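A closer look at the structure
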Amino acid sequence: MKMDRIMLTYLMAHLFLLCDAEGSSQNVSGAGAAVLRLGVFISTNASNLFEFAGFIPSLHIGLETVQNSSKAVIGADGTKYAIECDLVNSMCESSATLRGFINQLIDPVHPRIMLLGSDCSVSTEPLASISHNWNLVQISGSSSSPDLSNTKDFPRFLRTVSSDVEVATGVSSLMRQFGWSRVSLLTQNENIFTSFSTEFKTHISDLNFQLIGEHSFSSDTSPTSAFQALQRSPARVIFLNMYERYASEILCLAYRNGMTYPDYVWMVHYWYNEGWWKQGSYGCRVEEMEMMLNMQIVIDHFPRINNDDKDELNIGNITWNQYEKMYSERFTELRTEYPNASYNLEDGAFIFDTVWTAALALNRTAAKGYSLLDFSYTDENISRAIYNEALNVTFFGLTGLVSFDNNTGDRPGRIRLLQFRLQGNLTSVQFGFVTNDSFKYTENQNVDTVFPGGIPQDEEHVHISLPLFAAYTILAVLGIAFAGVCLWFNLWFRNQKIVKLSSPYVNVMIIVGAVIFYVTVILFGVDENTASFSVVDGLCHARIWFCVIGFTLLFGTIFAKAWRIYYIFSHLIPNKKVDVKDAYLFGIVAVLLVLDIVFMLPTTIISSAMLRLEEEEQGGENVCNKLLHT
């Protein structure tokens with residue numbers, strides 16, 4: 001398999017060498033006699049779907065603090081190394097990324113000892129799948145695809161951000177917090193999203209939550225059909241697993257169809273570009289999109305953890321306030337070369353920590369006696385040493401405690417939960433965070449600030465229309481009246497021979513069972529539209545009991561009478577009368593009623609306790625319907 005990849009890459013290299021196009025290259029260097037070069041892959045193309053030129057100031061700051069720090073890369077023999085970076089415009093495309101990588105490989109003068117990036121998972125995955133064949137360790141500060149956790153396919157890859165799988169943890173924590181048990185997923189058919197979808201479904205299922213439909217669409221088609229399928233489902237809590245362009249289109253359709261808060265909850269990824277809902281109208285004005293997004297939720301698994309003390313010293317003897325000032329200065333300079341660059345202060349902090357992860361890994365490797373200048377693309381020993389040291393790196397950076405899972409190369413994360421709120425302008429407000437699968441509100445936030453109009457339901461509650469309820473009630477009452485007439489006739493003429501032969505007292509049980517059944521029709525039609533909460537709550541078990549008892553009295557008695565006829569005709573004896581008294585039939589029905597009670601009573605007691613507990617967790621909401629549908 002490894003040789004197949006090498007041959008494939010060899011052919012790709014020849015193909016790329018035929019192309020004139022080349023990613024823009026930029027050198028970011030520090031001073032020093034012994035130079036170690038890193039290949040850095042950042043999308044700086046503003047015309048692309050994503051551009052991350054705003055990461056470059058963070059890259060510069062990281063390199064400067066490394067060179068000026070006592071933890072700069074120093075060998076065991078005292079050799080001091082300088083780190084220089086060669087920047088490649090990845091364009092968030094696999095072809096541009098691989099072309100830039102091949103161009104770096106064929107540079108005979110400056111071999112790269114490590115790779116940083118790429119910034120997009122779609123370009124990071126193909127690079128990480130082949131870079132290890134040249135014994136290159138690769139660290140990303142922004143790629144979050146769950147596939148990258150597979151060390152079999154990406155054996156020399158690490159990242160200073162957590163996997164998208166952490167988003168599923170954020171969603172499940174919200175579901176527990178707000179009493180939701182059902183969620184729907186709308187997925188774009190791209191590898192980065194389908195791999196997340198697989199992990200999401202597994203996570204939700206393991207926690208006994210219900211995924212009520214996963215709707216998907218291809219990137220080359222409109223998501224309208226998937227939206228219409230979602231619209232027909234009972235889903236009310238929905239996660240959009242797609243690029244922002246399609247999320248905007250879906251949310252515009254939702255606004256047009258009235259699928260807004262408080263009836264619906266929509267969740268999106270955090271890594272969308274700033275003001276993403278303003279890009280492309282899709283039939284909605286910006287003001288309408290902001291109304292649609294009001295009170296909807298953002299799941300951020302890239303939070304800067306040390307938010308509280310911005311004057312606390314981090315790695316490189318730099319505080320967050322100092323970093324912010326340095327970033328602003330360098331970003332102003334950057335705009336002269338990249339006028340459309342986005343201000344990526346917080347996300348850029350992950351790039352800063354990525355630089356420091358690489359520097360510390362190289363420093364620890366050099367301290368163990370490895371000569372880093374001897375590294376070559378065929379040197380597996382130095383590569384393995386660098387990777388192992390990177391896995392063991394631990395430091396407190398601008399984004400918090402940086403460490404890695406030895407099994408996946410992932411960084412354990414903490415989830416930040418934000419909510420869009422329309423307060424003049426649409427802003428995102430952090431209302432909570434999740435650590436170790438435990439939800440906590442941030443200061444001054446609670447359920448009333450998050451959902452002032454009440455916690456939305458996780459499924460559509462279908463109410464019976466009043467005209468329909470009235471019609472069936474009238475029919476049921478007419479049925480009861482007719483049963484009353486039958487009862488009168490049965491008792492009044494009970495001594496008539498033909499009536500007496502039909503066992504009039506046994507017939508009474510059939511009539512009573514029918515009446516109870518008619519009453520059950522009315523009870524099942526009563527909901528919050530026609531009665532108070534306390535009445536509906538009290539009827540929750542009563543209507544089930546009425547249905548069971550009515551069925552037993554009606555059909556159990558008919559069964560007993562049919563059995564008597566069978567018994568008489570199957571036991572005919574000449575000159576002898578075979579008789580089965582009514583009392584025996586009463587006994588059969590009584591046994592059936594006892595069996596009903598034996599099975600129903602424990603079920604009622606247990607389910608009542610469960611319903612009370614669930615109603616308390618959901619703030620007194622009536623959950624009786626869940627019992628009826630299970």
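Residues numbered from 1 in each chain as written. Predicted model: local features only at pLDDT ≥ 70, side-chain atom pairs only at ≥ 80, totals over all residues. Heavy atoms only, no water.

This paragraph deals with the pairing of strand β9 (residues 237–241). The buried fraction of β9 is high, at 5 of 5 residues. Alternating positions in β9 separate into two faces, V237, F239 and N241 on one and I238 and L240 on the other, with burial throughout. Relative to β9, strand β7 (residues 182–188) is paired through 4 bridges, and the arrangement is parallel. For L185, the partnering residue across the bridge sits in β9 and is F239. Looking at chain direction, β9 and strand β10 (residues 265–269) are connected through 3 bridges and run parallel. Along β10, the bridge assignment pairs I238 with W266. In terms of handedness, the path from β9 via helix α8 (residues 244–256) over to β10 forms a crossover that is right-handed. (Buried < 20%, exposed > 50% of the residue type's maximum accessible area, 1.4 Å probe, protein only. Helix = DSSP H or I, 4+ residues; strand = E, 2+ residues; numbered from the N terminus. Pairing = 2+ DSSP bridges. Right-handed = clockwise from strand over helix to strand, strands pointing away.)

Bringing the pattern of salt bridges into the picture now. Evaluation of the coordinates by the stated rule reveals 19 salt bridges. R330 is the salt-bridge partner of E64, the closest N and O atoms lying 2.8 Å from each other. Here E64, found in helix α2 (residues 56–67), pairs with R330, found in helix α10 (residues 320–337); they are 266 residues apart in sequence, far enough to count as distant. A relative accessible area of 19% means that R330 is categorised as buried. Between R285 and E288 there is a salt bridge whose closest N-O contact spans 3.4 Å. In this structure, a network of salt bridges that share partners links the residues R37, E84, D86, D107 and R112. (Salt bridge = Lys/Arg side-chain N within 4 Å of Asp/Glu carboxyl O.)

Moving on: the environment of G100. If you trace the backbone, G100 turns up in helix α3 (residues 94–105). With 60 residues separating them in the primary sequence, G100 and V40 have C-alpha atoms 9.8 Å apart.

Spatially, the 8 strands line up as an open sheet ordered β8-β7-β9-β10-β11-β14-β15-β16, and their pairing is mixed. Strands with a single pairing partner mark the edges of an open sheet, and in this sheet they are β8 (210–217) and β16 (438–441). This sheet shows a mean twist of 25 degrees between the axes of neighbouring strands, independent of strand direction. (Axes fitted to C-alpha atoms, helices over the stretch in contact; angles between N-to-C directions.)

Looking at where D596 falls in the secondary structure, it is placed in helix α18 (residues 582–617). Although D596 is buried, it makes no salt bridge; R543 carries the closest opposite charge, 18 Å away. Side chain to side chain, D596 and T552 meet in a polar contact 2.4 Å long. If near-sequence neighbours (up to four positions away) are discounted, D596 is found in contact with V548, I549 and T552. (Lys, Arg positive; Asp, Glu negative; His and termini not counted. Polar contact = N/O pair within 3.5 Å; in protein donor to acceptor, adjacent residues only side chain to side chain. Contact = heavy atoms within 4.5 Å.)

A few words now on the environment of R159. Structurally, the position occupied by R159 is in strand β6 (residues 157–159). Here R159 falls in the buried class, since its relative accessible area comes to 0%. The spacing of R159 and D410 is 251 residues in sequence and 5.7 Å in space, taken between C-alpha atoms. When near neighbours in sequence (up to four residues on either side) are disregarded, R159 contacts I139, S140, S143, S144, S145, P146, L148, S149, F404, G409, D410 and R411. Within the local environment of R159, its side chain forms a polar contact with the side chain of D410, the two groups lying 2.7 Å apart.

Evaluation of the coordinates by the stated rule reveals 2 disulfides. Residue pairing for C92: its cysteine sulfur links by disulfide to C120, the two sulfurs lying 1.7 Å apart. On the sign convention where negative is left-handed, the bridge of C92 and C120, at about 45 degrees about the S-S bond, is right-handed. Taken together, the residues C92 in the loop between β3 (81–89) and α3 and C120 in the loop between β4 (112–116) and α4 (121–131) connect sequence positions 28 residues apart. Grouping residues by exposure puts C92 and C120 together as buried. One disulfide bridge connects C252 with C284, the sulfur atoms lying 2.0 Å from each other. In this structure, the disulfide formed by C252 and C284 twists by about 90 degrees around the S-S bond and is classed as right-handed. Taken as a pair, C252 in helix α8 and C284 in the loop between β10 and α9 (286–293) lie far apart in primary sequence, 32 residues in all. (Disulfide = S-S within 2.5 Å.)

Mean pLDDT over the protein: 85, with 86% of residues reaching 70 or higher. Ignoring residues within four places in sequence, the model shows residues 1–32, a span with pLDDT below 50, making 54 contacts including any to other chains. Residue range residues 626–630 is modelled with pLDDT below 50. Its contacts to residues more than four positions away, or to other chains, number 14 contacts. (pLDDT = per-residue confidence, 0-100.)

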